[in-house]
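Results of the structural survey
So you can see what is in the structure, the chains are spelled out below.
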Amino acid sequence: MQNTLDAIRGKKLHLSNFKIRHKVGKGSYGTVFAARHRQSGAVCAIKTINKARLRTRGAEDLVKREVDIHSQLRYRGILELYTWFEDSYNYFLVMEYAPGGELLRALRQEGPFCERRAANYSAQIAAALQYLHSKDVIHRDLKLENVLLQANGKLMLADFGLSVSLPPGTQLYDSCGTLDYRAPEALGGQGYSREIDMWALGVMTYEFLTGRLPFYSEDDAVVRERIVKADITPLPTSVSYLAREYVHSLLELDPCWRLSCNEALLDPWILEHCQRC
Ligand code: AMP
């Protein structure tokens, strides 16, 4: 597998080098297909991003930033970007293929998850975030659709379309990402940093345990109101005290008090369920 991947990693390729198979998903700017590299037989996923659509949305810089950031990342819990190329109409991002699909689908089919599985998933995401944050990268769009499953059931973070490089001590003020996962400081306009990813991890862990969103409402204005007050729908009484404490420490209003990746990985609930995640 290593050798076959060397035939595509960092190489300047063309669409004719690949046999395109089925469509595996669709994002805001592109469609993703499973593909096979003809020469080496390597399996991969190719995200096609239409240049005209990017232009009409004034988002031409997004792909460059996504490629710049994603190509620097090499960690088992992060989907690898092997290479990219373009033609007159599209950009093509050639990535590791995640055959298990989205974690959202697994949760809908099999959830809510038992605490052991929920803690394991939460720890895997925290470990990937630890790597990401150590590179001064914030994901900014963490949600179940952007966490994919490998063939062995392990998780991989995907979609770095909204990610940014942010040196420690600096803050961002623009608003982005899906409302249900957005941290209170990213709604209030007071500036935010890497702690927003930890809030999103709290939302996802709540979903693992309940199958529902913590601040759900059909009305976006109500969702915002609930987020800025950390008005969480109470967890069912069947959820353990340690799980509850963990989720609440991630969904902490004050980013300074919110668990960091390191703290999440050392949390008693995580340690109870994960020997080696
Ligand atoms: P994106 O445009 O990156 O948000 O991708 C849209 C959807 O395509 C995702 O939510 C996944 O369902 C699917 N997808 C993206 N990348 C991959 C991949 N490497 N392997 C399998 N499915 C993927």
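Residues numbered from 1 in each chain as written. Predicted model: local features only at pLDDT ≥ 70, side-chain atom pairs only at ≥ 80, totals over all residues. Heavy atoms only, no water.

**Considerations on the packing of aromatic side chains**
Rules: The aromatic pairing rule takes the rings of Phe, Tyr and Trp, using the six-membered ring of Trp, and pairs them if the centres are within 6.5 Å, calling planes under 30 degrees apart stacked, those over 60 edge-to-face and the rest tilted. Helix and strand definitions here come from DSSP, where helices need a minimum of 4 consecutive H or I residues and strands a minimum of 2 consecutive E residues; each element is numbered from the N-terminal end. Relative accessibility thresholds used throughout: buried, under 20% of the residue-type maximum; exposed, over 50%; partly exposed, between the two (1.4 Å probe, protein chains only). By the criterion adopted, a ring carries a charge over it if an Arg CZ or a Lys NZ lies within 6 Å of its centre and within 35 degrees of its normal.
If you walk through the whole model with that rule in mind, you get nine aromatic pairs. When the ring of Phe 18 is compared with that of Phe 85, the centres are 6.1 Å apart and the planes differ by 15°; the resulting orientation is stacked. Linking Phe 18 in strand 1 (residues 18-26) with Phe 85 in strand 4 (residues 81-86), this pair joins segments that are 67 residues apart in sequence. Judged by relative accessible area, Phe 18 falls into the buried class, the value being 2%. Judged by relative accessible area, which is 3%, Phe 85 ranks as buried. Measuring from centroid to centroid gives 5.1 Å for Tyr 246 and Trp 269, while their planes differ by 45°, and the two rings are tilted. Note that Tyr 246 is positioned in helix 9 (residues 241-250) and Trp 269 in helix 11 (residues 268-273), a separation of 23 residues in sequence. A residue is classified by how much of its surface remains accessible, and Tyr 246, at 0% relative accessible area, is buried. The rings of Phe 18, Phe 85 and Phe 92 are connected pair by pair, giving a single aromatic cluster. Note that Lys 12 overlies the ring of Trp 84, its terminal NZ or CZ placed 4.3 Å from the centroid. Here Lys 51 stacks its cationic end above the ring of Tyr 91, 4.8 Å away from the centre of that ring.

**Quick word on helix 5 (residues 115-134)**
Because each turn of an α-helix spans 3.6 residues, side chains separated by three or four positions end up pointing in the same direction. What counts is decided by this rule: One less than the number of residues in a helix, times 1.5 Å, gives the span that helix is expected to have.
Helix length check: helix 5 (20 residues) gives 28 Å between terminal C-alpha atoms against 28 Å at 1.5 Å per residue, within 8%. In terms of residue burial, helix 5 counts as a mostly covered element, since 16 of its 20 residues are buried. Taken from the residues just after helix 5, Asp 136 is the one with a positive phi, measuring 60°.

**A short note on the nonpolar core**
Operational definition: By nonpolar core is meant a set of buried Ala, Val, Leu, Ile, Met, Phe, Trp, Tyr and Cys residues that side-chain atoms within 4.5 Å join together. Boundaries of every domain are those given by an automatic assignment or by a domain database. What makes two residues a contact is simply this: any of their non-hydrogen atoms within 4.5 Å.
Counting 65 residues, the largest nonpolar core has Leu 103, Ile 125, Leu 157, Phe 208 and Tyr 246 as its most contacted members. Here this core spans two domains, since at least three of its residues come from each of domain 1 (2-95) and domain 2 (101-274). Residues in contact with Phe 208, not counting those within four places in the same chain, are Leu 103, Leu 107, Pro 112, Phe 113, Ala 118, Tyr 121, Ser 122, Ile 125 and Leu 144. Counting residues in each nonpolar core, the second largest holds 17 residues, with Leu 62, Leu 81, Leu 93 and Leu 148 among its members.

**Describing the pairing of strand 1**
Selection criterion: Two strands make a pair as long as DSSP finds a minimum of two bridges between them.
Relative to strand 2 (residues 30-37), strand 1 is paired through six bridges, and the arrangement is antiparallel. Each bridged residue has a counterpart across the sheet, and for Lys 19 the counterpart in strand 2 is Arg 36. As consecutive antiparallel partners, strand 1 and strand 2 are separated by three residues.

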